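One-letter residues, chain by chain:
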Amino acid sequence: MKHMVSTIINGERRELAIKPYRSLLDVLRNEAELTGSKKGCDVGDCGACTVILDGKPINSCLVLGVEVDGSEITTIEGLADHTAPGAPLHPLQESILQHGGAQCGFCTPGILMAAKALLDETPRPTDEEARFAIAGNLCRCTGYTKIVESILSISGSEGAL
Amino acid sequence: MTTSIILETPSPTLGLIPENGLSVVHTSPPRVDGLEKVTGSALYAADYSFPGMLYGKILRSKHAHARIVHIDKSKALALEGVKAVITHADAPKELHAGSPAPRVGQMVADQYVLAEKARYFGDGIAAVAAVSEEILEEALHLIEVEYEPLPAVFDMVEAMKPDAPSIHGTERNLVGPPFIIERGDVEEGFAQAETIFEGHYETGRPVPCYMEPNACVCRWDRGGKLTIWSSTQCAFMVRGILSQVLGIPAHDVRVIVEHMGGGFGAKQDLYQHEFVCAILARETRRPVKMEYSRKESFLGGRSRHPIKITLKQGLGKDGLLTAREVRLVSNTGGYASHGLGITAVGCLDIASLYRCEKNLKIEGISVYTNNPIAGAYRGFGAVQAFFALETQIDEMAVASGVDPLDFRLKNIVGDGDLSPSEHHILGDGLAVCLRRGAEEMGWYERKKMGRNNSSPLKRGWGVGTEMHSSGAYPDIEEQSNAIIRMNEDGTVNLIIGMADLGTGTRTMAAQIAAEVLGISLGEIRVIDGDTDVTPFDIGAYASRTTYVGGGAVLKAANHLKKQLLELASERLECPLEDLSLIEGRVFAKNAPNEGIAVRDLVSGEGGRPPRTLIGQGNNEPTVAYSFGAHFAEVEVDTEIGQIKVLQVIAVHEIGRAINPVAVAGQIEGGIQQGIGHALTEDFIIDKKTGRPLNPSFVDYKMPLALDMPKIKTIILEEFPDPSGPFGAKGIGEDPIIPIGPAIGNAVYEATGVRMRELPITPEKFLKAFAET
């Protein structure tokens, strides 16, 4: 038994038939064919599946797909201006590239979405605020230093390079 | 700022750098695959899907040691949507080593795809393919397994006792014969000593925790060829072992690795899913995808080997070491994996670092137990061996009233001394790192504010050092290959067998090629991770990729350059030696304003088709050593036992940094893992049942963004190695090694408590503190 869910993903209206027990992460990766959000644990521990749901960063593995009817979702695929093909990268994406903030890249989509949510609310975060914002996003490659640098340097915060 | 990088390049270039300097190498352009990674378009193994694809999953043992008496799969097979169920009766009876190191005597073939006996809690005993993941879960519950539980053993010392349960039928549960190093006369060495130090050291069971759980997709064509998209560091080894076990030739297995989400050594091994997935796909004639859950990545994954080390050293009146005797025992779990290899490397490493070449006796053994499998993990044997050695060296310094830094500088190995591989060391890299770090932090001026203040919060500094080989020589005869093809428009396809597990391999390779050919990074596309296309490479491990693989790229690019210059020599009617290749143009010495574009040399004209130039590089170096020293400041709360690392100064001598930002990224990431190993990370196995107690990120504690200290990274290029590309040596494993002993030694300086066992949990610290 599937439920029809109508949602806006990355600015595009999507009508999806969803089994009631499927997580939003599984729906995004399978039904919506957006594999940018990653499954690192599937139980809300690692943050690799972070997307922005109605303005708030959430672990998409902890939300049911049927819960998002009528909502607006931004995934990593929609972080840059999704209305214009070939549009420039979001400044966070550019900054991660410039600072070496991505190594294996598996946590990167979740980190970027968490950081975007932070900057939307707090355009000039402190070092600690930046670390707090990504405290639920595990990274095993970078030791976080270059990720934090990436966030602080575009926000023009104190302590930025 | 939270971090900083200092890059110090002194004068010696040994002719390894072009006369007019470097323009692409030694800079830090964004990684060439970065755009894919920041936009979510990078494809990892689990991102692939195919029409008609099924999903596969493994049924795992609920006993740590049990004979499988009978498996009834009829109910599972009857469930709608289930397409296949396989057990040991359906899998090939071919023993394999599970791990890819061909030509190496140290690998033990002791694994079946599915065995008739479970040897650890979580050992895979059956597998299902079904049309959805939900049906899979249900089907696994419907498989009825009759177990005959066997007595199990989890402690490595217990496992060696004569009455211990036998796991593989080997004597005393040993994986293989002891690894022994004997030099001189160790008894004579101890007789010469003024003081003898003896201690027991032990390390825990940290897990790599790569963010991408193991995953693969298998698809057979009707001609009998298997394509597998897998998350592996060693595509050619996956091909080799699958070919062996499935009984098909190498050219009928194609392994594709586009992007992978970390591996840190563990993804050298083939886990069970790769075999099972191929068999399920063959049986159902449909593509099959298998994704490990995070819990499975713990249970069926590979941890670091817990090791017990007994270390005895003699110290002479003159403050020099007189003898060293070591017994090292590693706990490899239910299967050998790299048990013998890490034991050998641990023994070789502990034979070096501090000069004691004359009187040395070292014995290492690896033992089977009914724990999950321990395998390869960044710092392979070195993390454990150097924790013991660096801790005891500190104890010796303190006991003899010598500053720990001075004690190290007096005894540390340097230029011409024996390295772990028994080569002569090139350069005083260790002394240089120690001195540079001490200068940066003000070692001699530091306030030893720990023990004497009245606050329960005590601070102290500690130091640890390491040296690490670039490449696995002499365990493996090193070899890498690269092919570089110039297209008719002057652009280049660089084809490498190396894997990029996230470290930046592609970028490093492209930078080296661009430097040699005088072209921009944008004119190079790197092709990798496809065993049907690229030349052979053994894989990404042993800190070998830049040193061995980068060297192959250098040779391939030079081979192509030679061909370009030969063409130009004809066209410009100028002898070869008078030509130079700069920014995509070849110039003759006597006509520096003219020259010919590389594109025009290869594009063809006047009815002549374009030329395809192919450069080829095969690189077979021996070994080079990188050196490092970490200085860590900790704050210990002696009331609750919490230890915080406040700052780290990391100094590494690596010959040449091809991409300094990528090098710093390795160092910072290694420190994160090393801090975890030292303080919080331990995969805990229940001592009665063998059941893993913390197979999740909530219960297994890695340092988070908020936990990380300030890190100052100093990259030194004092001793470029003539056998590395532009003098470069490895950096992948080095930074995880010295941070552990630096933290332990800092805890001692802060509190007077000597911790000889990792991780230093609050419970262990408080117990030791109360006893002091």
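About the criteria used
Residues numbered from 1 in each chain as written. Chains lettered and ligands numbered in written order. Predicted model: local features only at pLDDT ≥ 70, side-chain atom pairs only at ≥ 80, totals over all residues. Helix = DSSP H or I, 4+ residues; strand = E, 2+ residues; numbered from the N terminus. Rg over C-alpha atoms; globule rule 2.2 N^0.38 Å. Buried ≥ 20, exposed ≤ 12 C-beta atoms within 10 Å, placed from the backbone. Contact = placed C-beta atoms within 7 Å. Pairing = 2+ DSSP bridges. Axes fitted to C-alpha atoms, helices over the stretch in contact; angles between N-to-C directions. Parallel < 35°, antiparallel > 145°, perpendicular 65-115°, else oblique. Left-handed = near helix turned anticlockwise from the far one by under 90°. Core = buried A, V, L, I, M, F, W, Y, C linked by C-beta atoms within 7 Å. Nonpolar A, V, L, I, M, F, W, Y, C, P; charged D, E, K, R; others polar. Domains from an automatic or database assignment. pLDDT = per-residue confidence, 0-100. Expected span 1.5 Å × (residues − 1).

We now examine the overall build of chain B. Across its full length, chain B carries 18 helices and 27 strands. Against the 2.2 N^0.38 benchmark of 28 Å for 772 residues, chain B shows a C-alpha radius of gyration of 27 Å, consistent with a compact globule. The principal-axis extent of the C-alpha atoms belonging to chain B is close to 85 × 75 × 50 Å. Here chain B holds 772 residues, and 60% of them are scored as buried. Relative to all contacts within chain B whose residues are 6 or more apart in sequence, the contacts with residues 24 or more apart total 81%.

Let us look at the overall build of chain A. Tallying secondary structure elements over chain A gives five helices and five strands in all. When the helices and strands of chain A are placed in sequence order, the string is β-β-α-β-β-β-α-α-α-α. Its C-alpha atoms give chain A a radius of gyration of 16 Å, within 12% of the compact-globule value 15 Å for 161 residues. With respect to the principal axes defined by its C-alpha atoms, chain A has extents near 55 × 35 × 25 Å. Per-residue burial over chain A gives 59% buried out of 161 residues.

All right, on to the sheet that holds strand β7 (residues 144-149) of chain B then. Residues and elements named next belong to chain B. Ordered by their spatial adjacency, three strands build an open sheet running β5-β3-β7, and the pairing between neighbours is antiparallel. Strands at the two margins of the open sheet, each flanked by one partner only, are β5 (117-118) and β7. In this structure, strand β3 (residues 66-72) lies alongside β7, joined through six bridges in antiparallel fashion. When the sheet's bridge partners are listed, Ile71 is paired in β7 with Val145.

Residues and elements named next belong to chain A. Where helix α2 (residues 91-99) contacts helix α3 (residues 108-121), the two axes come as close as 10 Å, and the packing angle between them is 130°. Taken together, α2 and α3 sit at an angle that is classed as oblique. In this structure, the crossing between α2 and α3 has a hand that is right-handed. For the pair α2 and α3, contact is made by Leu92, Gln93 and Ile96 and by Thr108, Leu112, Ala115 and Lys116, respectively.

Right, let's talk about the nonpolar core for a bit. All names here are of chain B. Leu494, Ala513, Val553, Ile743 and Val747 are the most contacted members of the largest nonpolar core, which totals 297 residues. Ranked by residue count, the leading element in this core is helix α14 (residues 545-572), at 11 residues. Among residues more than four places away in sequence, those in contact with Val553 are Ala482, Leu494, Ile496, Ala509, Ile512, Ala513 and Gly617.

Contact with chain B, which involves 44 residues of that partner, is made by 46 residues of chain A. Those elements giving two or more residues to the side of chain B that touches chain A turn out to be α1 (34-39) and α16 (660-679) of chain B. Tallying contributions element by element places α16 of chain B first for the side of chain B that touches chain A, with seven residues. Among the residues forming the side of chain B that touches chain A, the class breakdown is 22 nonpolar, 17 polar and five charged.

Once that is clear, we can look at the domain arrangement of chain B. All names here are of chain B. What the domain assignment reports for chain B is domain 1 (45-150 + 211-262 + 266-299), domain 2 (412-469 + 624-771) and domain 3 (479-619). Averaged C-alpha coordinates put domain 2 and domain 3 at centres separated by 39 Å. Only β17 (457-470) and α16 provide two or more residues apiece to the side of domain 2 that touches domain 3. Along the lines of polarity and charge, the residues of the side of domain 2 that touches domain 3 split into six nonpolar, seven polar and three charged.

Scored by pLDDT, chain B comes out at a mean of 95, with 98% of its residues at no less than 70. Both scores are given for the predicted complex: the pTM is 0.97, the ipTM 0.96.

Right, let's talk about α3 of chain A for a bit. Here α3 of chain A spans 20 Å end to end across 14 residues, near enough to the 20 Å set by a 1.5 Å rise per residue. Along α3 of chain A, 11 of the 14 residues are buried, which leaves the element largely enclosed by surrounding structure. Each element contacted by the buried residues of α3 of chain A is listed here: β3 (50-53), β4 (56-59), α2, α4 (127-133) and α5 (145-155) of chain A together with α1 of chain B.

Residue and element names in this part refer to chain B. Taken in spatial order, the five strands line up as β8-β16-β15-β14-β9 in an open sheet, and their pairing is mixed. Strands with a single pairing partner mark the edges of an open sheet, and in this sheet they are β8 (179-183) and β9 (195-202). For this sheet, the mean inter-axis angle between neighbouring strands, taken without regard to orientation, is 5°. In this structure, strand β15 (residues 321-333) lies alongside strand β16 (residues 360-368), joined through nine bridges in parallel fashion. The residue of β16 that forms the bridge with Leu328 is Gly364. Packed onto the sheet, helix α10 (residues 382-399) meets β9 and β14 (307-315) and runs at close to 35° relative to β14.

Residues and elements named next belong to chain A. Examined at the domain level, chain A breaks down into domain 1 (3-78) and domain 2 (91-155). With centres defined by C-alpha atoms, the gap from domain 1 to domain 2 works out at 21 Å. Contacts between the two partners involve 14 residues from domain 1, matched on the other side by 12 residues from domain 2. Breaking the side of domain 1 that touches domain 2 down by element, the ones donating at least two residues are β3 and β4. Among the elements that line the side of domain 1 that touches domain 2, the one with the most residues is β3, at three residues.

The next subject is the environment of Ile256 of chain B. All names here are of chain B. Following the sequence through the fold, Ile256 ends up in strand β12 (residues 253-256). Taking the number of C-beta atoms within 10 Å as the measure of exposure, Ile256 has 20 and is therefore buried. Sequence separation between Ile256 and Asp530 is 274 residues, and the spatial gap between their C-alpha atoms is 4.5 Å. Excluding residues within four positions of it along the chain, Ile256 makes contact with Thr227, Trp229, Gly529 and Asp530.

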